[in-house]
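The chain contents come next:
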Amino acid sequence: MEPSNVIYIIDSDDSIGKFLAALLAVYKMEVRAFSDVESFLLAISTVDLEQGCLLVEEQPSGLLLLRQLREQGHRLPIILLTNEAPAISRRRAQQSGATEVLQKPLINAFLMQRLTTLLPSQTLASQDTQGAVKLRDGTSIAIRMMSPADAELEQAFVRGLSNKSKRLRFFSPIKELSPQMLARFIHPSYPETYAPIATISDGAQECIIAVARYAKVETSECAEFAVVVADEWQGRGIANMLMRGLTMAAAIAGIECLEGLVLKENKGMLGLTASLGFSLLPAPGDASIVRAVKQLRQPLTGVE
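Predicted, not measured: the structure shown is a model, and the values here were computed from it.

Is there a simple way to think about helix α3 (residues 60-71) in this case?
The periodicity of an α-helix, 3.6 residues per turn, causes residues three or four positions apart to be oriented the same way. When the terminal C-alpha atoms of α3 are compared, their 17 Å separation across twelve residues agrees well with the 16 Å that a helix rising 1.5 Å per residue should span. Of the residues trailing α3, G73 is marked for its positive phi of about 85°.

Encoded structure:
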């Protein structure tokens, strides 16, 4: 990927900027961190903000900056970082033109955990890089990136899905992944592909309970996404978490839009994607399928 994107981050916690700079340098992406909006505006001319992505801490000056950038017609994705639950901040974010909202603790889970793999000697890594998060009911799970070592875990996860869940994810009740599919899934290569997974530990045994993925389409600047959660873990907010992580990672990677095909009967996924700002469109030639599409580099409609 060409190093055309600059990742701007405005946050009073400078460790976030250091983490992202260390990680994204591996992918030839530049990170420029600022402690507040004022220092950002002193250093950056907003007329140059046509490429890249902006991550900004939720605060009055940050929300005002978002609104100003959107009113000026800037198309870059803007991720609002919050200490609150995303649902609390979503309306404020939409009104200000943010692309996505993400809780700060989840940054580690979705991106920074990669530091321990890519940069074994990296001293910036915090004790939380393994991505431990709590669900709405208080249950602790881990979110990390898929790796080639997960072949058996991934195959066991797919085999354990109900026929209905397999059909909703793969459009057919497959028994297991083919060798070709498995090899593709366990070798994500960010920024072109990205695959966060949710896991739990049963004693010494780790189990995958949810998988998300995007893969860039070769003929466009968009990426196709998919997410599936183990039957017994559905309805607990895991898919919501993974979809927010996909959106953030895709925006940082310079992806123009995310698009996924969803069966009409998959009411849960249709409701989730709609709540996250995806447009639900008919799929050409198949009335049983809906296209869920989210533009990442275009101002949201209805920005005041």
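Looking at this model, I keep getting lost on the pattern of salt bridges. Mind explaining?
Where charged atoms from two side chains of opposite charge approach closely, those side chains can pair. In the structure shown here, the tally under the stated rule is ten salt bridges. A salt bridge links R236 to D137; the shortest N-O distance between them is 2.8 Å. Here D137 lies in the loop between β6 (132-134) and β7 (140-145) and R236 lies in the loop between β11 (222-229) and α10 (238-253), a separation of 99 residues in the sequence. With a relative accessible area of 49%, D137 lands in the partly exposed category. For the salt bridge of R144 with E206, the shortest nitrogen-to-oxygen distance reads 3.0 Å.

Would you mind going over the layout of surface pockets with me for this structure?
Left-over empty space is what a probe sized like a water molecule reveals as it rolls over the atoms. Its volume calculated, the largest pocket comes out at about 1,000 Å³. Around the largest pocket, the lining is made up of 38 residues, and of these R169, A226, V227, V228 and M269 lie nearest the centre. Sorting the residues of the lining of the largest pocket by element identifies α8 (163-170), α9 (179-185), β10 (205-216), β11, α10, β12 (257-263) and α11 (267-275) as the ones contributing at least two each. Per-element accounting of the lining of the largest pocket gives the leading share, eight residues, to β11. For the lining of the largest pocket, the class distribution of residues is 22 nonpolar, eight polar and eight charged.

Where do I start with the confidence of the model for the chain in this structure?
Interpretation of the predicted coordinates at a detailed level should be avoided for regions scoring low in pLDDT. For the chain, the mean per-residue pLDDT works out to 85, and 88% of the residues sit at or above 70. Contacts of residues 122-129 to residues separated by more than four positions or lying in other chains number 15 contacts, the stretch itself having pLDDT below 50. Taken as a whole, residues 299-304 scores under 50 in pLDDT and shows 14 contacts with residues more than four places along the chain or in a different chain.

Sorry, what's going on with the sheet that holds strand β1 (residues 6-10) here?
Two pairing modes exist for strands in a sheet, parallel and antiparallel, and in both the strands are linked by backbone hydrogen bonds. Across the sheet, five strands lie side by side as β2-β1-β3-β4-β5; this open sheet has parallel pairing. Edge strands, defined here as strands with exactly one partner in the open sheet, are β2 (30-34) and β5 (100-103). Within the sheet, the average angular offset between the axes of one strand and its neighbour, ignoring direction, is 20°. For strand β3 (residues 53-57) and strand β4 (residues 78-82), the ladder comprises four bridges, and the chain directions are parallel. Directly across from E57, in β4, lies its bridge partner L81. Here α10 sits on the sheet and contacts β1, β3, β4 and β5; the angle it forms with β5, its principal contact strand, is near 115°.

About the criteria used
- Residues numbered from 1 in each chain as written.
- Predicted model: local features only at pLDDT ≥ 70, side-chain atom pairs only at ≥ 80, totals over all residues.
- Heavy atoms only, no water.
- Helix = DSSP H or I, 4+ residues; strand = E, 2+ residues; numbered from the N terminus.
- Expected span 1.5 Å × (residues − 1).
- Salt bridge = Lys/Arg side-chain N within 4 Å of Asp/Glu carboxyl O.
- Buried < 20%, exposed > 50% of the residue type's maximum accessible area, 1.4 Å probe, protein only.
- 1 Å grid on protein atoms, 1.4 Å probe; cavity = no way out; pocket = protein on both sides within 12 Å on 5 of 7 lines; lining within 4 Å.
- Points joined across faces, edges and corners; volume = space filled by probe spheres on them.
- Nonpolar A, V, L, I, M, F, W, Y, C, P; charged D, E, K, R; others polar.
- pLDDT = per-residue confidence, 0-100.
- Contact = heavy atoms within 4.5 Å.
- Pairing = 2+ DSSP bridges.
- Axes fitted to C-alpha atoms, helices over the stretch in contact; angles between N-to-C directions.

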